[in-house]
Amino acid sequence: MVAVKETVEQVKQLDVDQYRYGFTTDLEVDKAPKGLNEEIVRFISAKKSEPQWMLDWRLDAYRRWKTMDEPQWARVLYPKIDFNDSYYYAAPKKNAAPKTLDDVDPAILDTYKKLGIPLREQEILAGVQMSKVAVDAVFDSVSVVTTFKEELKKAGVIFCSISEAIKDHPDLVKKYLGSVVPVTDNYYATLNCAVFTDGSFVYIPEGVRCPMELSTYFRINEKNTGQFERTLILAEKGSYVSYLEGCTAPQRDENQLHAAVVELVALDDAEIKYSTVQNWYPGDAEGKGGIYNFVTKRGDCRGANSKISWTQVETGSAITWKYPSCILRGDNSRGEFYSIAVSNGYQQVDSGTKMIHLGKNTTSRIISKGISAGKSQNTYRGQVSAHRKATNARNFTNCDSLLIGETCGAHTVPYLESKNASAVFEHEATTSKISEDQLFYCRQRGLSAEEATALIVNGFVKDVLQQLPMEFAVEAQKLISISLEGSVG
Amino acid sequence: MLEIRNLHVAIEEGTKKLLNGLNLTIRDGEVAAIMGPNGSGKSTLSYVIAGKEDYKVLDGEILLDGKNLLEMEPDERAAAGVFLAFQYPLEIPGVATMTFLKAALNAQRKGRGEDELTTPDFMRRVKAGAEKLGIPQDMLKRGLNVGFSGGEKKRTEILQMALLKPSIGILDETDSGLDIDALKIVSEGVNALRSAKRSFLVITHYQRLLNYIVPDTVHIMLKGKIVRTGGKELALELEANGYSDYVTNAAA
Ligand SMILES: Nc1ncnc2c1ncn2[C@@H]1O[C@H](COP(=O)(O)OP(=O)(O)OP(=O)(O)O)[C@@H](O)[C@H]1O
Ligand SMILES: [Mg+2]
């Protein structure tokens, strides 16, 4: 964790510097023309100086995407997205418009103050500054590589942006890209294949335990710009890696699209632990603005005795459509999904997981904690299936919903499917409300209504928070409290 | 000093009054006992003092050391020194008792403009308090009141009171659910907190508790009013005769 801390500190410093010097430099915005067509796909590929095979892959995806339809099965409502009304490429620009904190909604400043982010950091996070440079260059994986390149290299670990990997490690990328989430997996994944711009690439060689936590901090900044990140993590036999992902976005009135694809591959005896704290801008109190978050995350336990564990804390986004899943292909492989999904205001969450048991003696565990407040809707959607060869497949699912107030909704949609008689699936689900009596009890002991709610909620999510690395757990706990502010009293 | 004057309370305006012109004064250092039949409004009184929102105060006032409690939020009242040991303590799953105690103590300190306690200082206080009340250490790691026996819940309430050091401690049937030994332990815990500044309002049905926590005054409550006030001998009288005298009087 020391490594992460160091990185975070350095990232903060860099931000501050960028901001300070930003005033004097006047640079062009490097943006693709608005809209989506083959030319844009070529533009993106050219900007990244990609090899021909990559461009061909993108074009193929784009042509397929044109024939596909948006999925309709999720319990989310939103106006039809005009895909031609977005920018699909915006490169870092160093120019910072000299705006001040006074231009920012004090509520946001307050929010970040409570997060314990220093003032200048606050300016960046609140979106005062066109902070593409700082964020894309810094909160992206690149800086982490820069910071710890030597140490990681010694261990044989590759950690770089996916753009770099395409150039420097084409064989690995060619072999694994799209091997977990096929190009035509779903509408948003296919779109991502065509227009993805950046993301992280991780390679852990055989037998190596990655010497530090790897972390990437994503941020959407440019107005009207979609973000399509692509992450690929490969864990060779007997290796281990823990990867952390964080995201934020500035407040904007219009909705912005974020459609990421994350692929994980774990070979024999390898373990990947992937943690996310998702805090994209959720929209304002009236439900205006916010990120549409359509994400495809999937891990392939390709080898025997491999393990993939997803932990997510979802507090942001206007719409969350996200099902980090595990394909349990190797015998004795294990998949885990730990989730906290908080919704408030007008947020809509449709999230869950898929555990696909293919190999023998495969096990999976799902712990999902949904918290709904305000006028939000929060759906857990989970699929557990056992293939006919998946002898002795085991799943345990525990899915709890907590309601705060009278105007929100919680829904649980489990799909269970077993083609092998020896498979055992256990499913537990509860829905509870924070009772007025519990709140009064806490307040009688001196806690404010908000402190009381936060305490009760923290108790509710404890099992999942424990899965997160310490620093993330603390950050996540704060985030959850902040997300629920204004939901009581 | 707690002063309650002409208190009228209902769930809503126009519905039956649960408290009906109640007067009660508890001086600094005084232990006042309230006895009364089921449904006479004892718990209601304790909730209204503590600020539960379900009740509507139609008239009257409640002053603690001259401060108007009715204008304060429940947490402000707590910070001002009101503590209520619940008749039915609530469960808070996933929140370790220790965590809850620390959050409560620090919230009250914050409310009074004091510094947070350091962790070692806090731990020392909790350990000492728990030991006195016969609460094992590992119970403090469990979710607050979750799966606690009736008696364990009551002990934990007293532990909270011992840590929070209120100026008025209201005990709502703390003796119910306690075995004989626990009754002694809990009473000793309360007695240890008695001081010239701290007052108590002890709600009970049984004289037995008052053998251990000896009250300065005993009040009989009926239909939302104090109908008689006396010394500790009043409790003995009730034990012998029950409420029939008062009930017929009130009916007449
Ligand atoms: N929230 C409420 N809604 C409706 N009626 C209530 C409510 N709270 C209390 N009451 C009623 O007010 C009356 C007084 O109740 P309270 O609990 O104060 O009695 P008590 O003296 O504490 O009784 P006991 O000795 O059984 O604990 C009862 O008739 C009860 O049903
Ligand atoms: Mg009662």
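Residues numbered from 1 in each chain as written. Chains lettered and ligands numbered in written order. Predicted model: local features only at pLDDT ≥ 70, side-chain atom pairs only at ≥ 80, totals over all residues. Heavy atoms only, no water.

## So, the coordination of the magnesium ion (ligand 2)
Residues and elements named next belong to chain B. Protein coordination at the magnesium ion (ligand 2): the donors are S43 (OG) and Q87 (OE1), at 2.0 to 2.4 Å from the metal. Of this pair, S43 sits in helix α1 (residues 42-50) while Q87 sits in the loop between β6 (82-85) and β7 (92-96); the two residues are 44 residues apart in sequence, bridging distant segments of the chain. Like S43, the residue Q87 is buried in the burial classification. (Donors = N, O, S within 2.8 Å, 3.2 Å for Na, K, Ca; no water. Helix = DSSP H or I, 4+ residues; strand = E, 2+ residues; numbered from the N terminus. Buried < 20%, exposed > 50% of the residue type's maximum accessible area, 1.4 Å probe, protein only.)

## As for the confidence of the model for chain A
Residues and elements named next belong to chain A. Mean pLDDT over chain A stands at 79; residues scoring 70 or higher make up 77%. Taken element by element, chain A is modelled with least confidence in helix α6 (residues 132-139), mean pLDDT 24, and with most confidence in strand β14 (residues 325-328), mean pLDDT 98. Note on residues 93-101: pLDDT under 50 across the span, and 25 contacts to partners over four residues away in sequence or across chains. In this model residues 103-146 is a low-confidence stretch, pLDDT under 50, and it forms 111 contacts with partners more than four residues away in sequence or in other chains. (pLDDT = per-residue confidence, 0-100. Contact = heavy atoms within 4.5 Å.)

## Focus on the sheet that holds strand β11 (residues 217-222) of chain B
All names here are of chain B. Pairing in this open sheet of six strands is mixed, and the strands run β6-β9-β10-β3-β11-β12 from one edge to the other. Looking at strand neighbours, the two that pair on one side only are β6 and β12 (225-230), the edges of this open sheet. In this sheet, neighbouring strand axes are inclined to one another by 20° on average, regardless of whether the strands run parallel or antiparallel. Pairing between strand β9 (residues 168-172) and strand β10 (residues 199-203): five bridges, direction parallel. When the sheet's bridge partners are listed, L171 is paired in β10 with V202. (Pairing = 2+ DSSP bridges. Axes fitted to C-alpha atoms, helices over the stretch in contact; angles between N-to-C directions.)

## Concerning the interface of chain B and chain A
Listed by partner, the interface residues are 32 residues for chain B and 17 residues for chain A. Of the roughly 2,000 Å² buried between chain B and chain A on both sides combined, carbon and sulfur atoms contribute 62%. In this assembly, chain B and chain A are joined by six salt bridges. The interface formed by chain B and chain A includes 13 residue pairs in polar contact (both at pLDDT 80 or more). Listed by contribution, the elements that provide at least two residues to the side of chain B that touches chain A are α1, α2 (74-80), β6, β7, α3 (97-111) and α5 (150-164) of chain B. A total of six residues in the side of chain B that touches chain A trace back to one element, the largest contributor, which is α3 of chain B. Counted by class, the side of chain B that touches chain A contains 20 nonpolar, five polar and seven charged residues. (Buried area = accessible area lost by both parts, 1.4 Å probe. Salt bridge = Lys/Arg side-chain N within 4 Å of Asp/Glu carboxyl O. Polar contact = N/O pair within 3.5 Å; in protein donor to acceptor, adjacent residues only side chain to side chain. Nonpolar A, V, L, I, M, F, W, Y, C, P; charged D, E, K, R; others polar.)

## Considerations on the side chain of S351 of chain A
All names here are of chain A. Within the secondary structure layout, S351 lies in strand β16 (residues 348-357). Residue classification places S351 among the buried residues on the basis of a relative accessible area of 5%. Those residues in contact with S351, other than ones at most four positions away along the chain, are Q312, K322, Y323, T379, Y380 and R381.

## Side note on helix α10 (residues 187-195) of chain A
One turn of an α-helix holds 3.6 residues; hence residues three or four places apart share an orientation. All names here are of chain A. Burial analysis of α10 places nine of its nine residues in the buried class, the great majority of the element. Turning to α10, its buried residues number three or more, namely Y187, Y188, A189, T190, L191, N192, C193, A194 and V195. At the N-terminal boundary of α10, the capping side chain belongs to N186, with an oxygen 3.0 Å from the backbone nitrogen of Y188.

## A closer look at the packing of aromatic side chains
Residues and elements named next belong to chain A. If you walk through the whole model with that rule in mind, you get 25 aromatic pairs over all chains. Ring pairs connect the aromatic residues Y62, W65, W73, Y78, F83, Y187, Y188, Y292, F294, W321 and Y323, which therefore count as one cluster. In this structure, R58 packs its charged tip against the face of F196, placed 4.0 Å from the ring centre. In this structure, R209 packs its charged tip against the face of Y240, placed 4.0 Å from the ring centre. (Phe/Tyr/Trp six-rings, centres within 6.5 Å; stacked < 30°, edge-to-face > 60°. Lys NZ or Arg CZ within 6 Å of the ring centre and 35° of its normal.)

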